[in-house]
Each structure stands twice: as C-alpha cells, then as structure tokens.
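Residue-level structural notes
In case you want the letters, here they are:
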Amino acid sequence: MLWQGKSVRKATGGRYHASRGKKRFEIGRSPADTIIGITRVKTIRVTGGNTKVRALRCEFANVSDKKTGKVQKVKINSVAENAANPNYVRRNLMTKGAIITTELGKAQIVSRPGQDGVINAILIE
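Residues numbered from 1 in each chain as written. Predicted model: local features only at pLDDT ≥ 70, side-chain atom pairs only at ≥ 80, totals over all residues. Heavy atoms only, no water.

Comments concerning the sheet that holds strand S7 (residues 99-102)
Strand pairing within a sheet occurs via backbone hydrogen bonds; the two strands may be parallel or antiparallel. Just so we agree on the cut-off: In this analysis, strands are considered paired if DSSP registers two or more bridges between them. Secondary structure elements follow DSSP: runs of H or I no shorter than four residues count as helices, runs of E no shorter than two count as strands, and numbering proceeds from the N terminus. Simply put, an axis is a line fit to the C-alpha atoms, just over the touching stretch for a helix, and the angle between two N-to-C directions goes from 0 to 180 degrees.
In spatial order, the strands read S4-S5-S7-S8-S9; together these 5 strands close into a barrel with mixed pairing. Going from strand to strand, the sheet's axes swing by 50° on average, the running direction of each strand aside. Looking at chain direction, S7 and strand S8 (residues 106-109) are connected through 3 bridges and run antiparallel. Within the sheet, the bridge partner assigned to Ile-99 lies in S8 and is Gln-108.

A few points about the sheet that holds strand S1 (residues 34-36)
Across the sheet, 4 strands lie side by side as S2-S3-S1-S6; this open sheet has mixed pairing. Every other strand in the sheet has two partners, leaving strand S2 (40-45) and strand S6 (93-94) as the edge strands with one partner each. Of the pairings in the sheet, the one linking S1 to S6 comprises 2 bridges and is antiparallel in character. Looking at the pairing, Ile-35 lines up with Leu-93 of S6.

Comments concerning the side chain of Ser-111
For the record, the criterion: Counted as a polar contact is a pair of N or O atoms within 3.5 Å, where, for protein atoms, one must be capable of donating a hydrogen and the other of accepting one, and residues adjacent in sequence contribute only when both atoms are in side chains. Here, residues are in contact when the closest pair of their heavy atoms is within 4.5 Å.
Turning to its location among the elements, Ser-111 is positioned in the loop between S8 and helix H2 (113-116). Within the local environment of Ser-111, its side chain forms a polar contact with the backbone oxygen of Val-118, the two atoms lying 3.0 Å apart. Of note is the side chain of Ser-111, whose polar atom sits 2.9 Å from the backbone nitrogen of Asn-120. Ignoring any residue separated from it by four or fewer positions in sequence, one finds Ser-111 in contact with Lys-96, Asp-116, Val-118, Ile-119 and Asn-120.

Digging into the pattern of salt bridges
This is how the line gets drawn: By definition here, a salt bridge exists when the distance from a side-chain nitrogen of Lys or Arg to a carboxyl oxygen of Asp or Glu is within 4 Å. For every residue, the accessible area (1.4 Å probe, protein chains only) is compared with the maximum for its type, and the residue is labelled buried under 20%, exposed over 50%, or partly exposed between those bounds.
Tallied over the full model, the rule gives 3 salt bridges. Between Glu-26 and Arg-20 there is a salt bridge, with its nearest N and O atoms 3.2 Å apart. The class for Glu-26 is partly exposed, based on a relative accessible area of 25%.

A short note on the nonpolar core
When a protein is soluble and globular, its nonpolar side chains tend to lie buried together. Formally: We call a set of buried Ala, Val, Leu, Ile, Met, Phe, Trp, Tyr and Cys residues a nonpolar core when their side-chain atoms join them within 4.5 Å.
Membership of the largest hydrophobic core comes to 14 residues, with the highest contact counts inside it found for Val-63, Met-94, Ile-100 and Ile-119. Put simply, the parts of the chain that give this core at least two residues each are strand S4 (60-64), strand S5 (71-81), S8 and strand S9 (120-123). A total of 3 residues in this core trace back to one element, the largest contributor, which is S5. Look past the residues within four positions of Val-63 in its chain and what remains in contact with it is Lys-70, Val-71, Gln-72, Val-74, Thr-102, Leu-104, Ala-107, Ala-121 and Leu-123.

Thoughts on the side chain of Asn-82
Mapped onto the secondary structure, Asn-82 falls in the loop between S5 and helix H1 (87-91). Here Ala-84 takes part through its backbone nitrogen, which lies 3.1 Å from a polar atom of the side chain of Asn-82. Engagement of the side chain of Asn-82 in a polar contact is seen with the side chain of Thr-95, the distance being 3.1 Å. If we skip the residues at most four places from it in the chain, Asn-82 touches Tyr-88, Val-89, Leu-93, Met-94, Thr-95 and Ala-98.

Have a look at this one:
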C-alpha cells in the first residue's frame, strides 16, 4: 500500500506526532499491475458508492487508426516500451502511455487499464 500522507519526520530530523490515525478516504490501494493474458477484471467500490473496474489481465486492445478513423479489437503481443517504469517492459505490465505491439503494429495506450478496465490504444506505426 502507498502511504499518501504527511512525513513522520521534520526537516530537522525531529518527529511529528500524529493527532489521529488514517481516515477511510485516505487509504491507498495496491496497483492493478495489468498484464497480458486471458481477460480478468475486478470491480471495486470507491468514494460516493461509485465503482472502478480494474483490469488485472487483458488479452485484447481496442486500437484506432487515425488515418482511416476505424477502431479494431486486436490481440496484444507484448509491451515494447513503458515510460512509467523500465522494469514494466520485462514484466509486460501495461499502464497509460505504454507502447504495445499488436497484430496491426505498434500502438500507444491512451486509457488507464487499472481504472477503466479496458485497453484503448492509438496506432503509431
């Protein structure tokens, strides 16, 4: 889990003493770590009773071609680049902005798989 709160230490090295514990809305959640595989999604409840759909594994991407304006559902082969973290390429983790190789060619992910539950991409080659 991510801390997402104030530091425990002051700039001088002294300690802040918390006046209270963490509230329900301040919690962090573990990342979805979407990988290539047979599609598996998980629905989670968020603030206000809304829901988010986490893509845990994804096999297909909705790839749009800017030239023709058409969208196709194509199989994902691998992760070519990921600016978020170079180690994600080795682990085939997909995040927004990652470049994936598909049957049509290379495409860049424009959706957030850990928040939207789908992978939408734009063809770049």
